[in-house]
Amino acid sequence: MKQVKQLIIFVTILLLSFTTKGQQQDGSIFERRISINQTNQPLDFVFEQISWQANVFFSYDATIFNAAQKVSISTQDKSLYTVLNTLLDTSQYRFSELQNQVIITRKSEDNEFSAAPDSVPVKYFFLSGKLIESRKGRPVPFASVSILDKPIGTISNSDGEFLLKVHPSYIADTIVISCMGYEQKLLPANQLLDEDLFILEPASIQIKEIKVTAITPEKLLKNMRANYEKNYTPSSKLMTAFYRETVKQDKNYISVSEAVMEVLKAPYIGTTRGDLVRLLKGRKSREVQPFKWLNFKLMGGPFTITELDAVKTVETFIDPEYERVYEYQISDVVWYENQPVYVVKFQAQSDEFYPPFEGEMYVHRETFALVHANYHLDKAGLKKAEEVMIKKKPRKVKARPTYVNYQVNYRQYQGKWHLASAKASVKFKVRSKRDRINSEFHSVSDLLITNIQPTDLKRFNKDERFSRSDIFVELLGAYDEKFWENYNIIKPNESLRNAFKQSLFN
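Below is a short write-up of the structure. (Residues numbered from 1 in each chain as written. Predicted model: local features only at pLDDT ≥ 70, side-chain atom pairs only at ≥ 80, totals over all residues. Heavy atoms only, no water.)

1. Considerations on the environment of Leu187
As for its placement among the helices and strands, Leu187 is situated in strand E12 (residues 185–188). As for Leu187 and Ile175, which are separated by 12 residues in sequence, their C-alpha atoms are 5.4 Å apart. (Helix = DSSP H or I, 4+ residues; strand = E, 2+ residues; numbered from the N terminus.)

2. Describing the sheet that holds strand E15 (residues 252–265)
The 10 strands lie next to each other as E16-E15-E14-E23-E22-E21-E20-E19-E18-E17, forming an open sheet whose pairing is antiparallel. Edge positions in the open sheet fall to strand E16 (276–284) and strand E17 (326–336), since each of these has one partner strand only. Pairs of neighbouring strands in the sheet enclose a mean axial angle of 15°, with direction left out of account. Judged from the 13 bridges that link them, strand E14 (residues 237–249) and E15 form a sheet pairing that is antiparallel. Across the sheet, Lys237 pairs through a bridge with Lys265, a residue of E15. (Pairing = 2+ DSSP bridges. Axes fitted to C-alpha atoms, helices over the stretch in contact; angles between N-to-C directions.)

3. A few points about the pattern of salt bridges
Evaluated as defined, the whole model comprises 10 salt bridges. Between Glu262 and Arg278 there is a salt bridge, with its nearest N and O atoms 2.8 Å apart. With Glu262 in strand E15 and Arg278 in strand E16, this residue pair connects regions lying 16 residues apart in the sequence. Summarising the burial analysis for this pair, Glu262 and Arg278 share the class buried. The partner of Lys423 in a salt bridge is Asp446, with the nearest N and O atoms 2.7 Å apart. (Salt bridge = Lys/Arg side-chain N within 4 Å of Asp/Glu carboxyl O. Buried < 20%, exposed > 50% of the residue type's maximum accessible area, 1.4 Å probe, protein only.)

4. Concerning the nonpolar core
One finds Phe317, Tyr326, Met361, Leu370 and Tyr410 to be the most contacted residues of the largest nonpolar core, which totals 67 residues. When residues of this core are assigned to their parent elements, the largest contribution, 7 residues, is made by strand E22 (residues 416–432). Within the second largest apolar cluster, 49 residues are counted, among which are Ile29, Ala143, Ala189 and Leu192. (Core = buried A, V, L, I, M, F, W, Y, C linked by side-chain atoms within 4.5 Å.)

5. Description of helix H1 (residues 43–54)
In this model, H1 (12 residues) spans 16 Å end to end at C-alpha, consistent with the 16 Å of a helix rising 1.5 Å per residue. Within the span of H1, buried status applies to Leu43, Val46, Phe47, Ile50, Ser51, Gln53 and Ala54. A positive backbone phi angle near 60° is found at Asn55, which sits one or two residues after H1. (Expected span 1.5 Å × (residues − 1).)

6. Notes on the environment of Val102
Secondary-structure assignment places Val102 in strand E6 (residues 101–106). On the basis of relative accessible area, Val102 is assigned to the buried category, the value being 0%. Considered as a pair, Val102 and Leu80 are 22 residues apart in the sequence and their alpha carbons are 10.0 Å apart. Setting aside its immediate chain neighbours within four residues, Val102 contacts Ile29, Phe30, Phe57, Phe58, Ser59, Leu80, Leu84 and Ser96. (Contact = heavy atoms within 4.5 Å.)

7. Brief notes about the pairing of E12
Where strand E11 (residues 174–178) meets E12, 4 bridges bridge the pair, whose relative direction is antiparallel. Paired with Thr174 across the bridge in E12 is Pro188. Counted along the chain from E11 to the antiparallel partner E12, the turn is 6 residues long, and its residue Gly181 has a positive phi close to 90°.

Treat this as a map of the structure, not an account of what it does.
Here it is, written out as structure tokens:
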């Protein structure tokens, strides 16, 4: 008869309710950091020390290994995942998580604890860190942090910090860190459990090695358009996205609104159908300071920012119809994901159309796909922008835009280029003699695509869609401490975190 299995659970007398360094309470217990130094001690004793320090329980069948065997281990501030992989051979044993327990089983055996019940949610790994450049130690903002060959990722914030939430099945995969002008960095996902600081090296280009062929801006634009069908998908995609909208009055935050949403991305090829947006969940702040003078609300929100997909909307600086009114110049070649891209500067030469932009495009040298665009309204465009950018303002209040800048980024996945992120940064000067106000308001809208899936959907239900006339902040609920769960977001920068500490959210 098969031997009855004995389940041994090590429990310390009192597990202290504290958080170890680097621990993320909302993430996996395997992220918890351990510092341990034991020489020639029984394995069960070492487990007890880990259990006390990491605030976890261990559960395993007493017959799968000798708990009295002597082991030695010395680690400083390493993840529980790394420590367990050091103690036991991962080719023979599996570690799984069930609430606050670590279940150890043999990989060759079917064990009732090898998978958590459906009622227990899967705990994602919360991989976080900070990116800095090697020469001066400055933060690297807006770098892409993603899983290799998977459409899952995030970006670093303005302080160079990132948070990537990954399913446990991906913890042995490779993380790719990419940023324009820096060498691409590849590292095991589990390495991010033990390290907090990642250094990016500036990429240097040796023109002779990459053999850059002389090309005119006109030829480059022609190649971009000729390769649309090759570079962009002819089918719809369902994208999961994070959206954040902030408004500052002078130096103070007056509004922060955030949401996870779905974008039904219409095909790039063969249709003029626009993209659709629906909210999954969102939250908004209360006003940090009473905002008495101006009901400052921007229309469009998540719907409008999806239209920053310059390829899909055929923005004026790409549209052949407007090519004659723009001046183009290929100014540089830089590295992107270990491949060279052309930097193309452009500037509108006429104010007879709207919107007249100036800025730069980054065009992939091999595929002629648009990788990145950074562009802004010129002076003539700013004069015309007020009527299309502000929906509500009181009478006798003057509001004029002083700065309008847009950015859009694309990533390659399964041989096609897709929208990866977009940002709109808008500044307004607001004056009211009656209310004695003379302030600058700065609105920043960030869109981050965190996942891409194929879909047969053609539309969202009408009552679910976010429309151009909707005001984002008016559709959201209040703050919840564990609001985002396993959705990937853009980690708040230091100034936003400080605002959070001042009870920004209800």
